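Topology and contacts: notes
Residue strings, one per chain:
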Amino acid sequence: MEDTVLEKIDSLWPQTNYCMCDRCRLDIACYSLNHLPTRYVTTNAGAVLHKFDSLTTQSDAEITACVYRAIQMVGECPNHEVFESSNTDSDQKN
């Protein structure tokens, strides 16, 4: 589920004007994963089955809605100082 959520974040997040730092990305992922059903797999076959299931219309809609809600929540109230939100981690390293 982690990979699926991170892929969904990467596809939805750029369409917003919210902070795009690594800390916000992890907060979005944590919120999403805590609100979606867990799907543990230990084999490649299990991973393929999960990937197939996550591509079904209903599952994809649930994941998309949850990730988008997380993006809004974290974006409107980031877990860091406001001045950090205007910089990305790559900007802060320079």
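The rules behind each value
The written sequence of each chain sets the order in which its residues are numbered from 1. pLDDT decides what is reported in this predicted model: residues at 70 or higher carry local features, side-chain atom pairs at 80 or more are listed and counted, and totals for whole chains, interfaces and linings draw on all residues regardless. The side-chain figures draw on all heavy atoms in the structure; neither hydrogens nor water molecules are used. Helix axes are fitted only over the stretch in contact, all axes being lines through C-alpha atoms; the angle between N-to-C directions runs from 0 to 180 degrees. Think of it this way: any DSSP run of H or I at least four residues long counts as a helix, any run of E at least two long counts as a strand, and we number them from the N terminus. These descriptions rest on fixed angle ranges, namely under 35 degrees for roughly parallel, over 145 for roughly antiparallel, 65 to 115 for roughly perpendicular, and the rest for oblique. Note: crossing handedness is left-handed where the near helix turns anticlockwise from the far helix by less than a right angle, and right-handed where it turns clockwise. In this analysis, two residues are considered to be in contact whenever any of their non-hydrogen atoms come within 4.5 Å of each other. Ten residues, namely Ala, Val, Leu, Ile, Met, Phe, Trp, Tyr, Cys and Pro, are considered nonpolar, four, namely Asp, Glu, Lys and Arg, are considered charged, and the remaining ones, Gly among them, are considered polar.

1. Some words on the packing of helix α1 (residues 2–12) against helix α2 (residues 22–35)
Angle between the axes and distance between the axes are the two parameters that describe a pair of packed helices. One way to put it is that α1 packs onto α2 with a least axis distance of 10 Å and a crossing angle of 130°. As judged from the angle between their axes, α1 and α2 are oblique. Here the hand of the crossing between α1 and α2 comes out right-handed. Across from Glu-2, Val-5, Leu-6, Ile-9 and Asp-10 in α1, the residues of α2 making contact are Arg-25, Ile-28, Ala-29, Ser-32 and Leu-33. Across the contact of α1 with α2, the residue classes break down as 6 nonpolar, 1 polar and 3 charged.

2. Remarks on the environment of Thr-38
Tracing the backbone shows Thr-38 in the loop between α2 and α3 (44–54). It is 9.3 Å that separates the C-alpha atoms of Thr-38 and Glu-2, two residues lying 36 residues apart in sequence.

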